[in-house]
Amino acid sequence: GVEGLKLLREVADETGLLPEIGRSTLAEVSRRFATLNARRRDELLRITVNLAVSELRRPDLPAFIGSTLERSGLDADALVLDISGAALDDEVAVATLQQVRDLGVRISLDDFGTGFAALGWLGHVPVQELKLDRTLVERLGRYGIKRGKT
């Protein structure tokens, strides 16, 4: 289940295997979604891929993503990279994210509201989407702020 996947990700990150696993996964899902999108003309299907800060620190990541998009035929706008707030506190990761964003790839900040990321930071990082943490939304609801689609 989900706990098993979290453990696998932690072990892969600790052993240095996460970038290789991540790249292999990205190449495969890019190829498959490019095929799906070629068959569908009415709506672009997007794929979201989680990236760890350790992956964002790799200087060759933007070139790898660019070549993966080119080889697979996937439209850059169909790829969304999901990052944690910890990435915003790492200058190398933010610079890498900007390079990836310049390729046309979308960047999504996951679980906003759980860490130290603040709304003020958002003007300085290349993020197009925010995924609010469930506990933040629940707390806001308790104080009379209406929930809606974000």
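In this report, the structure presented in the accompanying data block is examined.

Basis of the calculations
Residues numbered from 1 in each chain as written. Predicted model: local features only at pLDDT ≥ 70, side-chain atom pairs only at ≥ 80, totals over all residues. Heavy atoms only, no water. Phe/Tyr/Trp six-rings, centres within 6.5 Å; stacked < 30°, edge-to-face > 60°. Lys NZ or Arg CZ within 6 Å of the ring centre and 35° of its normal. Buried < 20%, exposed > 50% of the residue type's maximum accessible area, 1.4 Å probe, protein only. Helix = DSSP H or I, 4+ residues; strand = E, 2+ residues; numbered from the N terminus. Pairing = 2+ DSSP bridges. Salt bridge = Lys/Arg side-chain N within 4 Å of Asp/Glu carboxyl O. Core = buried A, V, L, I, M, F, W, Y, C linked by side-chain atoms within 4.5 Å. Contact = heavy atoms within 4.5 Å.

**Quick look at the packing of aromatic side chains**
Thought 1: On inspection of all chains with the given rule, the structure shows zero aromatic pairs.
Thought 2: Positioned above the aromatic ring of phenylalanine 64 is the side chain of arginine 23, whose terminal nitrogen or guanidinium carbon lies 4.7 Å from the ring centre.

**What to know about the pairing of strand S1 (residues 47-50)**
Thought 1: Side-chain alternation along S1 places Ile47 and Val49 on a buried face and Thr48 and Asn50 on a face that remains uncovered.
Thought 2: Pairing analysis gives four bridges linking S1 to strand S2 (residues 79-83), with the strands arranged parallel. Across the sheet, valine 49 pairs through a bridge with leucine 81, a residue of S2.

**Let's talk about the pattern of salt bridges**
Thought 1: Tallied over the full model, the rule gives seven salt bridges.
Thought 2: Between arginine 40 and glutamate 43 there is a salt bridge whose closest N-O contact spans 3.6 Å.
Thought 3: What makes arginine 40 partly exposed here is its relative accessible area of 33%.
Thought 4: As a salt-bridge pair, arginine 106 and aspartate 77 come within 3.9 Å of each other at their nearest N and O atoms. You can see arginine 106 sitting in strand S3 (residues 106-112) and its partner aspartate 77 sitting in the loop between helix H4 (61-72) and S2, a full 29 residues away along the chain.

**So, the nonpolar core**
Thought 1: Ranked by internal contacts, the top residues of the largest apolar core, which has 27 residues, are Leu56, Ile65, Leu74, Leu79, Leu81, Ile83 and Val105.
Thought 2: Contributions of two or more residues to this core are made by helix H2 (18-39), S1, helix H3 (53-56), H4, S2, helix H5 (91-102) and S3.
Thought 3: No other element matches the four residues that H4 contributes to this core.
Thought 4: Excluding its chain neighbours within four sequence positions, the residues that come into contact with leucine 74 are Ser30, Phe33, Ala34, Asn37, Ile47, Leu69 and Leu79.

**Focus: the pairing of S2**
Thought 1: Along S2, five of the five residues are buried, which leaves the element largely enclosed by surrounding structure.
Thought 2: The two faces of S2 match: Leu79, Leu81 and Ile83 on one face and Val80 and Asp82 on the other face are all buried.

**Quick look at the environment of isoleucine 47**
Thought 1: Examined against the element boundaries, isoleucine 47 turns out to sit in strand S1.
Thought 2: Overall, the relative accessible area of 14% leaves isoleucine 47 in the buried class.
Thought 3: Sequence separation between isoleucine 47 and phenylalanine 33 is 14 residues; the distance between their C-alpha atoms is 7.3 Å.
Thought 4: If near-sequence neighbours (up to four positions away) are discounted, isoleucine 47 is found in contact with Val29, Phe33, Leu74, Ala78, Leu79 and Val80.

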